[in-house]
Amino acid sequence: MDFEIINSDISAIETECLVIGLEADAVLSTSAQIIDKAAKGYIQSVIDDGDISGKRGQHLMLRNIPGITAKRVLLVGLGETEKRADPVHKSIISSIFAQLKNSNINEVTIALDDKINKDADIYRQMRLSVQTFCGEFYEYDETKSTKATPSLLEAIRFAVPVASTQDAEAGILDGTAVANGMTVARELGNLPGNVCTPTYLSKEALELEQGYQNISCDILDEAAMAELGMHSLLSVGNGSAEDSQLIVIKYSGGEAADRPHVLVGKGVTFDTGGISLKPGAAMDEMKFDMCGAASVMGTMQAIAEMELPMNVIGVIAAAENMPSDRATKPGDVITTMSGKTVEVLNTDAEGRLVLCDALTYVERFDPITVVDIATLTGAVIVALGHQTSAVLSNNDALAAELIEAGEYASDRTWRLPLWDEYQELLDSNFADIANIGGPSAGTITAACFLARFTEKYHWAHLDIAGVAWSKGKAKGATGRAVPILCQYLMNTAADQLDANA
Ligand code: BES
Ligand code: MN
Ligand code: ZN
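Residues numbered from 1 in each chain as written. Chains lettered and ligands numbered in written order. Predicted model: local features only at pLDDT ≥ 70, side-chain atom pairs only at ≥ 80, totals over all residues. Heavy atoms only, no water.

Before going further, it helps to examine the sheet that holds strand β17 (residues 433-434). One open sheet accounts for 3 strands, arranged β12-β13-β17; its pairing is mixed. The open sheet is flanked by β12 (332-335) and β17, the only strands paired with a single partner. Relative to strand β13 (residues 341-344), β12 runs antiparallel, the two sharing 4 bridges. Counted as the bridge partner of T335 is T341 from β13. (Pairing = 2+ DSSP bridges. Helix = DSSP H or I, 4+ residues; strand = E, 2+ residues; numbered from the N terminus.)

Turning our attention to the coordination of the zinc ion (ligand 3). Those donors, K266 (NZ), D271 (OD), D289 (OD) and E350 (OE), are the protein atoms that reach the zinc ion (ligand 3), and they lie 2.0 to 2.4 Å from it. Angles of 78 to 176 degrees at the metal separate the 6 donor atoms of the zinc ion (ligand 3), which places the site in the octahedral class. Read N to C, the donor residues that coordinate the zinc ion (ligand 3) are spaced as K-x4-D-x17-D-x60-E. Taken as a pair, the zinc ion (ligand 3) and the manganese ion (ligand 2) lie 3.2 Å from each other and share D271 as a ligand. Of this pair, D289 sits in the loop between β10 (261-271) and α9 (291-306) while E350 is found in the loop between β13 and α10 (351-361), placing the two residues 61 residues apart along the sequence. Across the pair, E350 and D289 agree in class, each one buried. (Donors = N, O, S within 2.8 Å, 3.2 Å for Na, K, Ca; no water. Tetrahedral: all angles 85-135°; square planar, octahedral: opposite > 155°, others 65-115°. Buried < 20%, exposed > 50% of the residue type's maximum accessible area, 1.4 Å probe, protein only.)

All right, on to the sheet that holds β10 then. Adjacent strands of a sheet pair through backbone hydrogen bonds, lying either parallel or antiparallel. Read across the sheet, 8 strands follow the order β8-β9-β11-β10-β14-β18-β15-β16 without closing on themselves; strand pairing throughout is mixed. Bordering the open sheet on either side are β8 (215-220) and β16 (413-415), each of which pairs with just one other strand. When strand polarity is set aside, the average angle formed by the axes of neighbouring strands in this sheet is 20 degrees. Here 6 bridges tie strand β14 (residues 369-374) to strand β18 (residues 458-463), and the two strands are oriented parallel to one another. Across the sheet, residue A374 finds its bridge partner in β18, namely D463. Across the sheet, α9 lies against β8, β9 (245-252), β10, β11 (311-321) and β14, angled at about 140 degrees from β10, the strand it touches most. Against the sheet, helix α14 (residues 482-500) engages β10, β11, β14, β16 and β18, with an angle of about 170 degrees to β10. (Axes fitted to C-alpha atoms, helices over the stretch in contact; angles between N-to-C directions. Contact = heavy atoms within 4.5 Å.)

Turning to the side chain of S244, a few remarks are in order. Residue placement: S244 occurs in the loop between α8 (231-237) and β9. Owing to a relative accessible area of 0%, S244 belongs among the buried residues under this scheme. Dropping the residues within four chain positions of it, S244 is found in contact with P198, L220, D221, E222, M225, L233, L234, G237, A318 and A319.

Coordination sphere of the manganese ion (ligand 2), protein contribution only: D271 (OD), D348 (O), D348 (OD) and E350 (OE), at 2.0 to 2.2 Å. Taken together, the 6 donor atoms coordinating the manganese ion (ligand 2) span angles of 72 to 168 degrees at the metal, a pattern that classifies the geometry as irregular. By relative accessible area, which is 3% here, D271 ends up buried. Residue D348 is classed as partly exposed on the basis of its relative accessible area, which comes to 22%.

Turning our eyes to something else, we now look at the site of ligand 1. By nearness alone, 17 residues border ligand 1, and K278, D289, D348, E350 and G378 come closest of all. Here L376 contributes a backbone N or O atom positioned 3.5 Å from a nitrogen atom of ligand 1. About the coverage of ligand 1: the protein hides 77% of its 510 Å² of free accessible area. Class assignment for the residues of the shell around ligand 1 results in 6 nonpolar, 4 polar and 7 charged. (Near = heavy atom within 4 Å. Polar contact = N/O pair within 3.5 Å; in protein donor to acceptor, adjacent residues only side chain to side chain. Areas by Shrake-Rupley, 256 points an atom, 1.4 Å probe, with all protein chains shown as cover. Nonpolar A, V, L, I, M, F, W, Y, C, P; charged D, E, K, R; others polar.)

Next up on the list: the packing of aromatic side chains. Given two aromatic rings, one states the distance between the centres and the angle between the planes to describe the pair. Applying the stated criterion across every chain yields a total of 7 aromatic pairs. Ring plane angle 40 degrees and centroid distance 6.4 Å describe the contact between F3 and F133, whose orientation is recorded as tilted. A residue pair is termed long-range when its members are at least 10 positions apart, and F3 in strand β1 (residues 2-6) and F133 in helix α4 (residues 122-137) qualify at 130 residues. Both residues of the pair, F3 and F133, belong to the buried class. (Phe/Tyr/Trp six-rings, centres within 6.5 Å; stacked < 30°, edge-to-face > 60°.)

Counted under the stated rule, the structure contains 20 salt bridges. E350 is paired through a salt bridge with K266; the nearest N and O atoms lie 3.0 Å apart. A residue pair is termed long-range when its members are at least 10 positions apart, and E350 in the loop between β13 and α10 and K266 in strand β10 qualify at 84 residues. The partner of E285 in a salt bridge is K471, and the shortest N-O contact between them spans 2.9 Å. Taken together, the residues span a long stretch of sequence, with E285 in the loop between β10 and α9 and K471 in the loop between β19 (469-470) and β20 (476-477) at a distance of 186 residues. Judged by relative accessible area, which is 6%, E285 ranks as buried. Look at K471 and you get partly exposed, because its relative accessible area is 45%. Members of the salt-bridge network, linked through shared partners, are E4, E107 and R157. (Salt bridge = Lys/Arg side-chain N within 4 Å of Asp/Glu carboxyl O.)

In structure tokens, the structure reads:
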């Protein structure tokens, strides 16, 4: 898919299809006025006939309009200005795609005059439009024998005023990079657990290394992890025939001496619950339990594509959680890489067990910040549903930066507390700490567990269990948290440039 910015007069452009907007109460947008004038009142006559009124969700495909060169005009209802926030923006783009995808139109020109989103400048509008188009294009077919029929749509042009060209083009570039990262994350998430194993994730990381000059990659196998004392991570994969992996992806876009920002992803490629076996209903969805890892992979690709001037290290803690005669049992006590011992009261609370060793491991990089991303708790769905991820942090500035990045990237988070009074819920009679905290505040106690291993640096945790995939008919990975992570890193890189200027 090609995206392009054009500045030409829309009444005189050659295009298969020109998309123009109609606001609520049939108010013609600027582009619609231009076309109406060139067509001597044709658009107005269609409105006067009552064929379209500008309500959101309406569309009307018109052909052979006199006085203009576009072959077709798609009139799109934009609805009321005040309602045009991100979700409406995305739904308008999706509805345009729906109109075009099964046609034989292979090129389209979109002239919506800045009107698609009341909360976004042209750069951000382009980001969101491009990301939404790319999201619509993606179709999973890797393990289907009938492959998806590719849409004929090849080029999408956005008509913008000359003065906005640079910003719009930047929006296309960044939007494409983020969208490609989201596609990587979705594809990895959607692959079944028998394909996307820890070893498969390692191979994907090696592909990234192959694909980008600035990316290098270290893979630690079980022996290497045992050497480092990562018995917590290893304990999760004990019951599985698949080897656990610690995958370290280094992106060097900054100076060699620049301290890195670190991302750590939960990569449980299938979570049966282990000996604390999960109930059968919807257990297939636990193939998505590596979506934190997938968003690290997608983000690393996106920042390499954008060539951000900073150093970032992505770490993936990959294991498969299975029951077997060798599996970790409830009551077992393990020793983490940090030396702290953990009583595993529930083998289904495995995410924190793989993450804690990865979080200790990354101390060696002397990170500026560490953000972990994990489908960690069902409790976050109770608290925030499928719209919002939770952020918990030991640093207020970092939490604020992530929340702001999520707002901007339309990948929103909400902060939950990480106060000391919750810590006692993790007390154990047989180890330094238990791996579960009882029935209340599940998302908080999970983060409290991680907090015991992140005291040496500024750290935040994103619980993406509610947002990483959709259920039901549209079951599939969403590509979240790639947008927020990219945005956070983009903002950080920009702040750094400002500080050095
Ligand atoms: N991967 C799950 C969390 C999860 C559950 C994500 C359902 C999405 C939907 C995690 O490993 C887990 O099982 N967590 C337990 C923790 C509990 C045993 C303390 C949970 O949330 O039930
Ligand atoms: Mn689990
Ligand atoms: Zn899990």
